[in-house]
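# Examination of the molecular architecture
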Amino acid sequence: MAMLLAASAYGAELSGRVISSEDGRGVAQAAVTLTFSGGHAGPAAITVFSGADGRFTIADESLGKRDRISLTARKLGWRQLEPAPSGNAGADATVYLARSSNIAEIAPASAWFAGMPGGTARNITLSGCSSCHQMASPRVREYAARIEAVSNGPEGDRKALSEWRKLVRHESWRAVVKYMRSKHYAVFPLESPMNLDAIDWPTAQNAAYNFFDVRQGEIIAKYLADHFPTQTVHLAADDYRYGAALGVSRKTVIREYALPKDALVREMVPVPNSPYLWGADVRRNLIVRLDPHDGETKWIKVDFNGSTGPHTIVPDDDGRLWVSMIDHDQFGRFDPRTEKWTLWTLRPTNLPDTQAIGGAAIVHDMSIDSRGHLARDAFGKIWVTLVGSNQMGTLDPDTGAVAFHDVNALKGLSPINHLIYSTVLSADGKEAWYSQVNGYVGCIDTATHKVVKVVPFAEGEGPRRMARDNAGHLWVALFGSGRVAKIDMQTGKIVGTYEMPDPAAAPYAVTWDERRKAVWVVNANSDAIYRLDPSTGRSTVYPLPRQMAYLRQLAISPVSGHLIASYGNYPEGSGPSMAVVIDVGDD
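All values reported here derive from a predicted model rather than from experimental measurement. (Residues numbered from 1 in each chain as written. Predicted model: local features only at pLDDT ≥ 70, side-chain atom pairs only at ≥ 80, totals over all residues. Heavy atoms only, no water.)

## Comments concerning the side chain of Asp335
Using the following cut-off: Secondary structure follows DSSP: runs of H or I at least 4 residues long count as helices, runs of E at least 2 residues long count as strands, and numbering of each begins at the N terminus. Exposure is judged per residue with a 1.4 Å probe applied to protein chains only, and the accessible area is read against the type maximum: over 50% gives exposed, under 20% gives buried, and values in between give partly exposed. A contact between two residues is defined here by any heavy atoms of the two lying within 4.5 Å.
Residue position: Asp335 is located in strand S16 (residues 330-335). Take Asp335: its relative accessible area is 18%, and that puts it in the buried class. Contact partners of Asp335, with chain neighbours within four places excluded, come to Arg320 and Lys340.

See the structure below:
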């Protein structure tokens, strides 16, 4: 239920209290979200958190300019009662919460894995299923319920019925795995020649062109058939907890900015000496400029005759933007001051001329430094990962010279099965590190172009996006196992492994925060961000304001220290389409 208020009555500030309906005491660390009606300047929603006494304050200059607003409060293990403002229109707003024994409607997608066994099969399942959407999303849970609704009639003994249902369950999940193979083509832009409408079914089902191979697909189907809950309408409050203390306080503020529902903005970044935030819309071949002051957006098309699929967007120290594109093998530089593009084609000559995913270079990530800014090696070159060929590419922007370099390969995996992903340069520019979601972490000598270090990970661990600090450590998000690894870049050895609060959170990316000396971890499944303290190894949890809050990257404003991100579920429209700005509240 939402409390509708006349915003103009409150001016630029709204205060109130979240109260337990049972004893009248304040409820601490409840997320209080003020949602505005559309058509007005500023964020679409503002979230703060209640203090120890349940009190909260929302202050924003746009508050008094809105006609209608709604106020909601949420906290894991509680449910909101039908609220009403107390007293006169200008008085404090009071929101009542009651404890709830069933958290099924508010728990994150990862909660449904809490009762499922851990190990390699679960890691492979999380790594394979969570790359595009949350697992288990509401649609996944609905599908699971439909499987259980199937029966062979009231006749027959219980043992026979039980065995028959196991068979149905397994075949049903196998069907989903096949469906998801084809849905991998949804990562490409609508006009792409690799769109599913242009691909025949045998090609769409070819595991050599996919993000997981045949064997892994069978492991996923069997694991879900054997262990996924047979009902998802009830989840006991004690069956899922955040797993660590909350880091939010009364000073924490989360602002969300609405983007079009048909957009798929994977990530947002700040740019040096600019008031704007910038994002890449992979489905619509656009980049977006967002003014966080008034919420105004400007959409800019890539200057290319065809689809491009802007994927990863990174600023440089001069205020320019570098954009990798997964379609037509494009890599670009955009100057926000002139709004001019410079494009390069990065396509290895050994790729086949085919429309299948396996015939595309799929330019993915580019080399970054400890701040997440574009980094060049000791020879002035930019390094990129090429998903389609399991290679690293180099570009010299000054001369336009392009080259491609092989990395380690695992037996039995096609090039795209490795899913090479992130790349980070060492501080001296002499080493280019890369990750493979279905493989290892490795390092190429930027002078010899040879792999000089390989760090093995168990199958399903899922090394994904990485970051480095300024003390010679590489931090790696382990997408499948719900952990973060710390690698000594000099020795190439793992020197620390940190369990995240929720083992099914699917950590997608890590970001080094030099100001706070902390590692931020963004997740696909948990609707939360983690802050990892390297000095203690402990994490704290920052819950996000809504469900389906799938995060793929996190940037940090060098001026304010605010965290910048966007929600990025595939396909577009399957989750919230919003940019997110978080004031941690730690001064």
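That shown, we press on.
## Re the pattern of salt bridges
Close approach of charged atoms lets side chains of opposite charge pair. Cut-off, in case you're wondering: One side-chain nitrogen of Lys or Arg within 4 Å of one carboxyl oxygen of Asp or Glu is enough to make a salt bridge.
Taken as a whole and judged by the stated rule, the model has 29 salt bridges. In this structure, the salt-bridge partner of Arg174 is Glu171, at a minimum N-O distance of 3.3 Å. Here the residue Arg174 and the residue Glu171 both occupy positions in helix H3 (residues 158-183), the gap between them amounting to three residues, near one helical turn. Exposure remark for Arg174: the relative accessible area of 29% places this residue in the partly exposed category. The residue Arg241 makes a salt bridge to Asp238 at a minimum N-O spacing of 2.7 Å.

## Some details on the environment of Ser110
For the record, the criterion: Counted as a polar contact is a pair of N or O atoms within 3.5 Å, where, for protein atoms, one must be capable of donating a hydrogen and the other of accepting one, and residues adjacent in sequence contribute only when both atoms are in side chains.
Tracing the backbone through its elements, the reader meets Ser110 in the loop between strand S8 (93-99) and helix H1 (120-129). Ser110 gets classed as buried once you look at its relative accessible area, which sits at 1%. A sequence separation of 57 residues divides Ser110 from Asp53, and the C-alpha atoms of the two residues are 30 Å apart. One polar contact links Ser110 to Asp502, side chain to side chain, over a distance of 2.5 Å.

## Here we look at the environment of Asp23
Here Asp23 shows up in the loop between strand S2 (13-20) and strand S3 (31-36). Its relative accessible area of 49% is what places Asp23 among the partly exposed residues. For Asp23 and Ala98, which are 75 residues apart along the polypeptide, the C-alpha to C-alpha distance reads 9.7 Å. Here Ser20 takes part through its side chain, which lies 3.3 Å from a polar atom of the side chain of Asp23.

## Observations concerning unusual backbone geometry
The linkage connecting Met135 with the following residue, Ala136, adopts the cis geometry, with an omega of 15°. Mapped onto the fold, Ala136 is located in the loop between H1 and helix H2 (138-149). That bond from Tyr570 to Pro571 is cis: its omega, -10°, falls within 30 degrees of zero. On the secondary structure map, Pro571 appears in the loop between strand S35 (563-566) and strand S36 (578-583). Of note, Asp329 is a non-glycine position whose phi angle comes to about 55°, a positive value. Taking relative accessible area as the criterion, Asp329 reaches 6% and is therefore assigned buried.

## Comments concerning the confidence of the model for the protein chain
What counts, and what does not: Confidence scores here are pLDDT values: one per residue, from the predictor, ranging 0 to 100.
Of the residues in the protein chain, 94% reach a pLDDT of 70 or more, and the chain-wide mean stands at 91. Low pLDDT (under 50) marks residues 1-10, which in the prediction has 42 contacts with non-local residues, meaning those over four places away or in another chain. Predicted confidence for residues 84-91 stays below pLDDT 50, and this span has twelve contacts to residues more than four positions away or in other chains.

## Brief notes about the state of the cysteines
Here is the rule we go by: Note that a disulfide, as used here, is simply two cysteine sulfur atoms within 2.5 Å.
Counting across every chain of the model gives zero disulfides. The closest cysteine sulfur to the non-disulfide-bonded Cys129 is located on Cys132, 9.7 Å from its own sulfur. Using a relative accessible area of 17% as the deciding quantity, one classes Cys129 as buried. The exposure class of Cys132 is buried, given its relative accessible area of 13%.

## Observations concerning the packing of aromatic side chains
Which entries qualify depends on this criterion: Centre distance within 6.5 Å is the pairing criterion for rings of Phe, Tyr and Trp, where only the six-membered ring of Trp is used; planes under 30 degrees apart are then read as stacked, over 60 as edge-to-face, and the remainder as tilted.
Applying the stated criterion across every chain yields a total of twelve aromatic pairs. Ring plane angle 70° and centroid distance 5.5 Å describe the contact between Tyr143 and Trp173, whose orientation is recorded as edge-to-face. Here Tyr143 is found in helix H2, whereas its partner Trp173 is found in helix H3, with 30 residues between them in sequence. Given the relative accessible area of 28%, Tyr143 is considered partly exposed. You can call Trp173 buried: its relative accessible area is 3%. Centre to centre, the rings of Phe334 and Trp341 are 5.0 Å apart; their planes meet at 50°, and the pair counts as tilted.

## Section: the sheet that holds strand S21 (residues 401-406)
For clarity, the threshold we go by: Two strands are said to pair when DSSP picks up at least two bridges between them. Interaxial angle, 0 to 180 degrees, is taken between N-to-C directions of lines fitted to C-alpha atoms, where a helix line uses only the stretch in contact.
The four strands lie next to each other as S18-S19-S20-S21, forming an open sheet whose pairing is antiparallel. Two strands lie at the open edges of the sheet, namely strand S18 (363-366) and S21, each paired on one side alone. On average, each strand axis in the sheet is inclined to that of its neighbour by 30°, with strand direction left out of account. Relative to strand S20 (residues 391-396), strand S19 (residues 382-386) runs antiparallel, the two being bridged by five bridges. Note that in S20 the partner of Leu386 across the bridge is Gln391.

## A closer look at H2
What counts is decided by this rule: Helix span, expected: 1.5 Å multiplied by one less than the number of residues in the helix. Relevant arc is that of directions from the helix axis to the C-beta atoms, nothing else.
With twelve residues, H2 extends 17 Å from end C-alpha to end C-alpha; this agrees with the ideal 16 Å at 1.5 Å per step. Residues of H2 that are buried: Val140, Arg141, Ala144, Ile147 and Glu148. All buried residues of H2 lie within an arc of 110° about the axis, which places them on one face of the element. Of the residues in H2, the exposed ones pointing more than 90 degrees away from the buried face are Arg139, Arg146 and Ala149.

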